Each structure stands twice: as C-alpha cells, then as structure tokens.
Amino acid sequence: MLLLGAVTSLPEASVSSTAALRGNAELAVNNLIGSVTIQIVALALADALVKRDAISSLVVQPVVLLQLASNILLYALLALAAAFGDVPLAGAGVGTWLLFACFVGTLWVISRERGPA
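A quick note: this is a predicted structure, and the numbers were derived from the prediction, not measured.

Thresholds applied
- Residues numbered from 1 in each chain as written.
- Predicted model: local features only at pLDDT ≥ 70, side-chain atom pairs only at ≥ 80, totals over all residues.
- Heavy atoms only, no water.
- Axes fitted to C-alpha atoms, helices over the stretch in contact; angles between N-to-C directions.
- Helix = DSSP H or I, 4+ residues; strand = E, 2+ residues; numbered from the N terminus.
- Left-handed = near helix turned anticlockwise from the far one by under 90°.
- Contact = heavy atoms within 4.5 Å.
- Nonpolar A, V, L, I, M, F, W, Y, C, P; charged D, E, K, R; others polar.
- Buried < 20%, exposed > 50% of the residue type's maximum accessible area, 1.4 Å probe, protein only.

## Concerning the packing of helix H2 (residues 25-49) against helix H3 (residues 62-84)
It is at 11 Å that the axes of H2 and H3 come closest, and there the two elements cross at 145°. When the axes of H2 and H3 are compared, the crossing they make is left-handed. Contact residues: Val29, Leu32, Ile33 and Val36 in H2; Tyr75, Leu78 and Ala82 in H3. For the contact of H2 with H3, the class distribution of residues is seven nonpolar, no polar and no charged.

## With respect to the side chain of Ser70
Tracing the chain through its elements places Ser70 in helix H3. Owing to a relative accessible area of 9%, Ser70 belongs among the buried residues under this scheme. Not counting the four nearest positions on each side in its chain, Ser70 is found in contact with Thr106 and Ile110.

In structure tokens, the structure reads:
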C-alpha cells in the first residue's frame, strides 16, 4: 500500500518540485491543491456508490483518521499561505517554515499514537 501511494504521488511531486525550482510558485501550489481536490472528489464518489456505510466507518485504526486530520491541517495552512502571500525568512517563506514545523509536529503526534514499531 505504501508503494502504491508513493508511485501515484510521484507525478505531482515531480511537477511541483520542478515548478518550485524554476520559480513558478503558482504552478507548484496549484498542482498540489488540485491533486488533493481530485482525490477528495474520487473518495466522495466512492462513498456515494458504497451505500451501506460511509467509507470512514471501514477504517479500523484510529491513527488513519489522525493522519487524515493532519493532512487537512497542512493543506489548510498551504491554502492560507498561498492566499495571503508570504514573507521571506532564512531562504524560504514564513509559511513554508510554518508548514514544515506543523508537518514535523504531526509526524511526532502520529508516531506517538502508533507506538513503537
């Protein structure tokens, strides 16, 4: 499952990385937000087609819902940074540093929830 997730994310990651390296921030951000939007639409359609239960009711492990909540937080921060602009700080924008800190924080929270491997 991890391999499938990584492989399906490679096109978005490569386009966004290339766009960011070439200075095209609009393409990088819109590509990320657009790919997530398409995934949400696909999940909503799948949820509508599975009429017995909501897809989220099939998730057995609470950590998966925690991962979902952390993704929503990170994409909301990304959208806010894109909408209101950014201020340079130490080679990146303040929004970038905030996103990075929140990403590390959510990884820490998720790893604590999961427990030792």
